[in-house]
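# A look at the structure
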Amino acid sequence: MRIDPMQQSTMPSDALVLRRYDDARSALHNRDLSRQLDRSTFAEGNTRERILSVLHGRDHRDRRRLENPLFRTDRLFLYERELFPRIVREVMGRLASDRRADLYHLGRLLSVVLSAKTAGVDRDGTFEEIEELADYVAEFAQGTAIEDTVGDREAVRRRVLTALERFRERFLARSRRRREELLEAGAEAPNDLLTLLLSAKDDDRLGLDDDMILREVANYLSAGAHTSAQTVINTLLQTIPWADVAPARWQRLREDRLLVQRCVHEALRLRPTNPGLRRHAEVDTRVGGHEVTAGQLLIIDTIAANTDAEVYGLDADTFDPERAVPREVPRWGLSFGAGMHSCIGRTLAAGLPVPDEAGDDLPDNHLYGLVTLMVEAMLRHDARPDPDDPPEPDTRTVRWTRWRRCPVILAQAPAPPTGEPI
Amino acid sequence: MPLHAEIDRDLCASTGECVLLAPQAFALSDDDGLAIVLPGLADLDAAELLQVARNCPTNAIRVLDAEGGVLHETG
């Protein structure tokens, strides 16, 4: 199934669809194009209003400069090398008894612990609360992608607003109170988004109010966890048939984490979680060979750009984690965006670019990304889609690369949980 | 041949990607969090430096050759 962006109900007839890699990249780097779509339709009364990902120009740059320190080297290493392996062990251990899971649910459970930590959402340490946060992830994700909703957009908006208010009462209020008390006492507060936002609240340049802080924290909780879970599914669904071609591939997947990372990058290229990125022209501008007029909408067909044969080769639409890719283009294509709005959590999720040649030395500071570790855990336990309960696409959105459920069976049972706090 | 790199301070969004890829050549300023170039830049070959520049999400790193010719432009 392939998206036809022109079929979307909210698509004006003069929208420009970009399918070539160079045009798409040029659009994503063009600072005259914004993500500020029609406010009353997409932003107002939703999770998206005035959050980092929709700000433009200087407002966006200043907010990004504030929040980027959350993704510095020390945190990435701490997450990937210390905290996440423990999370994987404890969460997977809960599946030990029946060896069955819905991969979308499992991916959210695995991801949400660290996304809550980054966002500044305090937990009580119970597994029930992790489950509850994973439910918020699914709810908020609908609001974030509201422009691509199939069906009743107002119903989505109402549900998301209700969830936001519940989240404020259940989680944000106590997390915020604790940080404000620490900041007032001059004590060290946790190094997270909520602390950053509260510390900068009096900076008029940033325009941070209480509702904005709620939305930003909710988005940090949700965005990475949702897209990571989706990417785990898309990677597994493409890697298994590729590996089944030859037993040697399975052997290498079990031994070579770098190959697993290449599979993640290749799956991202072919199945980006957003197949149609939107941009709005703030002024008349030029994108590649196209003249664009102020107010015009642009759709970046990510999959077409990522499978541009001039860039990725004549077999660009086949899954080949070992493909040679020109040095100047990312293996994951434009799936994390590019330019000012490129995904802030990219390195956390997908790690650093892999060396061009399999034999190249891997630097000590290499990061594989949390999605790679999740996929590796699934492969280690021989997870396969349940033949009697096939994956269910998420038909609530035109983002057709998304899944609502993906039941899997693990041939190898995980070790029982140790009870270590996560 | 020695290469040079310059940071466009207006474009730099403090993502830190350059530091992740080449910590010997780039750091983030303690003053404003923006990227700065370190003497260790000389340890990178052209291919490594160009990869860092191309990986910068905001394309804020300009790469020049010894004669001042632009190998990678910002923007």
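Residues numbered from 1 in each chain as written. Chains lettered and ligands numbered in written order. Predicted model: local features only at pLDDT ≥ 70, side-chain atom pairs only at ≥ 80, totals over all residues. Heavy atoms only, no water.

This brings us to the overall build of chain B. For chain B, the count of helices and strands is two helices and five strands. Tracing chain B from N to C terminus, the helices and strands come up as β-α-β-β-α-β-β. On C-alpha atoms alone, chain B measures out to a radius of gyration of 11 Å, which is about the 11 Å that the 2.2 N^0.38 rule sets for 75 residues. For chain B, the C-alpha atoms occupy an extent of roughly 30 × 25 × 20 Å along the three principal directions. Here the analysis covers contacts within chain B between residues at least 6 apart in sequence; of these, 45% occur between residues at least 24 apart. For chain B, the exposed area adds up to about 3300 Å²; of that, 50% sits on carbon and sulfur atoms. (Helix = DSSP H or I, 4+ residues; strand = E, 2+ residues; numbered from the N terminus. Rg over C-alpha atoms; globule rule 2.2 N^0.38 Å. Contact = heavy atoms within 4.5 Å. Areas by Shrake-Rupley, 256 points an atom, 1.4 Å probe, with all protein chains shown as cover.)

With that settled, the discussion passes to the sheet that holds strand 2 (residues 33–34) of chain A. Residues and elements named next belong to chain A. The sheet built from four strands is open, its strands ordered 1-7-4-2 with mixed pairing. The sheet is open, and its two edges are formed by strand 1 (16–18) and strand 2, each paired on a single side. Here strand 2 runs beside strand 4 (residues 276–281); their pairing, made up of two bridges, is antiparallel. Note on strand 4: the bridge partner recorded for Leu-33 is Ala-281. (Pairing = 2+ DSSP bridges.)

Residues with a pLDDT of 70 or more make up 99% of chain B, whose mean pLDDT is 91. The ipTM assigned to the predicted complex is 0.83, against a pTM of 0.93. (pLDDT = per-residue confidence, 0-100.)

With that settled, the discussion passes to the interface of chain B and chain A. Contact residues are listed per partner, giving 24 residues for chain B and 22 residues for chain A. Between chain B and chain A the total buried area reaches about 1900 Å² when both faces are included, carbon and sulfur atoms providing 47% of it. Between the two partners, chain B and chain A, sit three salt bridges. Across the pair A:Arg58 and B:Asp10 runs a salt bridge, and its minimum N-O distance is 3.9 Å. Counting across the interface, chain B meets chain A through 11 residue pairs in polar contact (both at pLDDT 80 or more). Elements with a minimum of two residues in the side of chain B that touches chain A: helix 1 (17–21) and helix 2 (46–55) of chain B. Ranked by residues supplied to the side of chain B that touches chain A, first place goes to helix 2 of chain B with five residues. Counted by class, the side of chain B that touches chain A contains 10 nonpolar, nine polar and five charged residues. (Buried area = accessible area lost by both parts, 1.4 Å probe. Salt bridge = Lys/Arg side-chain N within 4 Å of Asp/Glu carboxyl O. Polar contact = N/O pair within 3.5 Å; in protein donor to acceptor, adjacent residues only side chain to side chain. Nonpolar A, V, L, I, M, F, W, Y, C, P; charged D, E, K, R; others polar.)

Now for the state of the cysteines. Counted according to the given criterion, the structure contains zero disulfides over all chains. B:Cys18 supplies the cysteine sulfur nearest to B:Cys12, a cysteine that is in no disulfide, at a spacing of 6.7 Å. (Disulfide = S-S within 2.5 Å.)

Turning our attention to the packing of aromatic side chains. Residues and elements named next belong to chain A. Tallying each qualifying case throughout the model produces nine aromatic pairs over all chains. Plain terms: the ring middles of Phe-71 and Tyr-220 are 6.3 Å apart, the flat faces sit at 35 degrees to each other, and that makes the pair tilted. Taken together, the positions of Phe-71 in the loop between helix 3 (57–67) and helix 4 (73–93) and Tyr-220 in helix 9 (residues 210–244) put the pair 149 residues apart, joining distant regions of the chain. Within the aromatic cluster, the residues linked to one another by ring pairs are Tyr-136, Phe-140, Phe-167 and Phe-171. If you follow Arg-94 out to its NZ or CZ, it ends over the ring of Phe-127, 4.0 Å from the centre. A cation over a ring is seen here: Arg-170 above Phe-171, with NZ or CZ 4.9 Å from the ring centre. (Phe/Tyr/Trp six-rings, centres within 6.5 Å; stacked < 30°, edge-to-face > 60°. Lys NZ or Arg CZ within 6 Å of the ring centre and 35° of its normal.)

What follows deals with unusual backbone geometry. For residues besides glycine, phi is generally negative; the peptide bonds are generally trans as well. Positive phi, normally seen in glycine, also occurs at A:Arg99, with a value near 55 degrees. Checked against the element boundaries, A:Arg99 lands in the loop between helix 4 and strand 3 (100–102). If you check the backbone angles, B:Asn59 has positive phi at about 50 degrees while not being a glycine. Note that B:Asn59 resides in the loop between helix 2 and strand 4 (61–64). Overall, the relative accessible area of 5% leaves B:Asn59 in the buried class. (Buried < 20%, exposed > 50% of the residue type's maximum accessible area, 1.4 Å probe, protein only.)

Right, let's talk about helix 9 of chain A for a bit. All names here are of chain A. End to end, helix 9 covers 52 Å across 35 residues, agreeing with the expected 51 Å (1.5 Å per residue, within 8%). Counting buried positions along helix 9 gives 27 out of 35 residues, so the element sits mostly inside the fold. In this structure Asp-209 caps helix 9, since a side-chain oxygen of it lies 3.2 Å from the backbone nitrogen of Asp-211. (Expected span 1.5 Å × (residues − 1).)

Moving on to the sheet that holds strand 11 (residues 407–410) of chain A. Residues and elements named next belong to chain A. Spatial strand order, 3-11-8: three strands in an open sheet with antiparallel pairing. Edge positions in the open sheet fall to strand 3 and strand 8 (383–385), since each of these has one partner strand only. Direction aside, the axes of adjacent strands within the sheet are offset by 30 degrees on average. Of the strand pairs in this sheet, strand 3 and strand 11 are connected by three bridges, and their pairing is antiparallel. Residue Ala-101 lies in a different strand from strand 11, and its bridge partner there is Val-408. (Axes fitted to C-alpha atoms, helices over the stretch in contact; angles between N-to-C directions.)

With that settled, the discussion passes to the environment of A:Glu392. Inspection of the secondary structure puts A:Glu392 in strand 9 (residues 392–393). Ignoring any residue separated from it by four or fewer positions in sequence, one finds A:Glu392 in contact with A:Trp403, A:Arg404 and A:Arg405.

Per the counting criterion, the structure on display carries 46 salt bridges over all chains. Measuring nitrogen to oxygen at the nearest pair gives 3.2 Å for the salt bridge that ties A:Arg399 to A:Glu147. Here A:Arg399, found in the loop between strand 9 and strand 10 (403–405), pairs with A:Glu147, found in the loop between helix 6 (127–144) and helix 7 (153–184); they are 252 residues apart in sequence, far enough to count as distant. Here A:Arg399 matches A:Glu147 in class, with each residue buried. Between A:Arg179 and A:Asp192 there is a salt bridge whose closest N-O contact spans 2.8 Å. Of this pair, A:Arg179 sits in helix 7 while A:Asp192 sits in the loop between helix 7 and helix 8 (193–199), and the two are 13 residues apart along the sequence. Judged on exposure class, the residue A:Arg179 and its partner A:Asp192 are both buried. Three or more residues joined by partner-sharing salt bridges are found here, namely A:Arg58, A:Arg61, A:Asp62, A:Asp203, A:Arg205 and B:Asp10.

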